[in-house]
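Below, each chain spelled out in residue letters.
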Amino acid sequence: MTLTRRTVIGAAVAGAGSLAAGPPAQASRPRVAVRPPALRPGDRVRVVAPAGVPDTRLARGIEILESFGLVVEPGEHLYDRYGYLAGTDEARLADLNAAFGDPGVRGVFAARGGYGTQRILDGLDLAAVRRDPRVFVGFSDLTALIGRLWRGARLVGFYGPMVNWTDSRTGPVEIESLRAAIMTTAPIVLTRDPAEPSAAVEVPGTATGTLLGGNLTMLQTSLGTGDLPDLRGAILVFEDTDEGPYSYDRMLTQLRRAGILERVAGIAIGQFTNAAGGTGQWTAAQAVQDRVGDLGVPVLGGLRVGHGTGQLTVPLGTTATIDTAAGTLTVRAGVR
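Residues numbered from 1 in each chain as written. Predicted model: local features only at pLDDT ≥ 70, side-chain atom pairs only at ≥ 80, totals over all residues. Heavy atoms only, no water.

## A word on unusual backbone geometry
Item 1. We note that Arg-154 has phi near 55 degrees; this positive angle belongs to a residue other than glycine.
Item 2. A positive phi is found at Asn-274, a non-glycine position, where the angle reads about 55 degrees.

## Concerning the sheet that holds strand E9 (residues 234-241)
Item 1. Overall, mixed pairing links the eight strands, which are arranged E6-E14-E13-E8-E9-E10-E11-E7 in an open sheet. Strand pairing shows two members of the sheet lacking a second neighbour, strand E6 (188-191) and strand E7 (202-203), which therefore form its edges.
Item 2. Of the strand pairs in this sheet, strand E13 (residues 319-323) and strand E14 (residues 328-331) are connected by four bridges, and their pairing is antiparallel. Its bridge partner being in E14, Asp-323 is matched across the sheet by Thr-328. (Pairing = 2+ DSSP bridges. Helix = DSSP H or I, 4+ residues; strand = E, 2+ residues; numbered from the N terminus.)

## Details of the sheet that holds strand E2 (residues 71-74)
Item 1. Across the sheet, which stays open at both edges, the six strands sit in the order E2-E1-E3-E4-E5-E12 with mixed pairing between neighbours. Each having just a single partner strand, E2 and strand E12 (314-316) make up the two edges of the open sheet. Here the average twist between neighbouring strands, direction ignored, is 30 degrees.
Item 2. Examined bridge by bridge, strand E1 (residues 44-48) and strand E3 (residues 105-110) share five bridges and lie parallel to one another. For Arg-44, the partnering residue across the bridge sits in E3 and is Val-105.
Item 3. Contacts from helix H6 (residues 172-183) reach E3, strand E4 (135-138) and strand E5 (157-159) within the one sheet, and its direction differs from that of E4 by about 155 degrees. (Axes fitted to C-alpha atoms, helices over the stretch in contact; angles between N-to-C directions. Contact = heavy atoms within 4.5 Å.)

## Digging into helix H5 (residues 143-153)
Item 1. Most of H5 is tucked away, with eleven of its eleven residues classed as buried.
Item 2. Residues Thr-143, Ala-144, Leu-145, Ile-146, Gly-147, Arg-148, Leu-149, Trp-150, Arg-151, Gly-152 and Ala-153 constitute the buried set of H5.
Item 3. Count one or two residues on from H5 and you reach Arg-154, which has phi positive near 55 degrees. (Buried < 20%, exposed > 50% of the residue type's maximum accessible area, 1.4 Å probe, protein only.)

## A short note on the nonpolar core
Item 1. In this structure, Phe-100, Phe-109, Phe-136, Ile-182, Leu-211 and Leu-329 are the most contacted members of the largest nonpolar core, which totals 71 residues.
Item 2. Excluding anything up to four places from it in sequence, Leu-329 contacts Ile-188, Val-189, Leu-190, Leu-211, Ala-268, Leu-300, Leu-303, Ala-320, Thr-321 and Ile-322.
Item 3. Ranked by size, the runner-up nonpolar core spans 29 residues in total, among them Leu-216, Phe-238, Leu-255 and Val-264. (Core = buried A, V, L, I, M, F, W, Y, C linked by side-chain atoms within 4.5 Å.)

## Focus: empty space enclosed by the protein
Item 1. Using the criterion set out here, one finds one cavity of 30 Å³ or more in the structure.
Item 2. Computed from the structure, the largest cavity encloses a volume of approximately 40 Å³.
Item 3. Lining the largest cavity are Gly-61, Ile-64, Leu-65, Phe-109, Pro-161, Met-162, Val-163, Trp-165 and Leu-178. (1 Å grid on protein atoms, 1.4 Å probe; cavity = no way out; pocket = protein on both sides within 12 Å on 5 of 7 lines; lining within 4 Å. Points joined across faces, edges and corners; volume = space filled by probe spheres on them.)

As structure tokens, then:
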């Protein structure tokens, strides 16, 4: 059987119940969003691998970061391997904490996703994160880390391409999207792309709230942990890959039953990548429309956020507005 994130993570999390939001984070966490300083040419940044093993594409991502004028350095264990993981849990955690604890490192970039981040999050040094906030970029499996940074330090994270870069999927426009998100304070505006399968999901209206979320599988598997953000009053953004329509149904159903979606302000939907269904069955968009269309909040699909071609970068943890008539998601800058 081919090893995928789905086969490793396994079946849906059971018995989350009232623990869905997870245990409370440290009482000393900030109460408002913490936007890290914008990266500037000459800043040192660290590449770490909290999850899967990077490959030869890593060199291209490093080249792109260097083209921004950043000084890129590898984590000590970046090229380790332990089964399907990028080194032992101890090694991966050590690299992550070293990156957030080094005052000279102004940005932390995930090498790649896959699986493994959740295994080390309970050892994350949140006190160091709170003392000296900095940019963090990752997506997919790194949803759990972005959620933990938000829950424990109110740090805005950046949901965008990882350093294991694929030019055929993320070209010049996407490179500029990443650069602008982490190095400028301009608002970020994403526009509905009618070519995206999720563009078929819509509930008219406008809504404003804190943009939170990420990969739907990771949000669902974060139930009962300290990684899942409180979504009350938030704009939930989600995307996924290699999941059939019934999987979107199942994951959203579990979030609904756990009460996670009861008080969201709105929903923004990214890419449904490799989400083919059976002949005569619902598409992923139809399944999602069925699960979120009756929540009584605006829903905007068709955003280029996720695993598909043309992935754009968005900050999570800052204020955003969805406007379905305009087809836009407008997000306040994630850096200061």
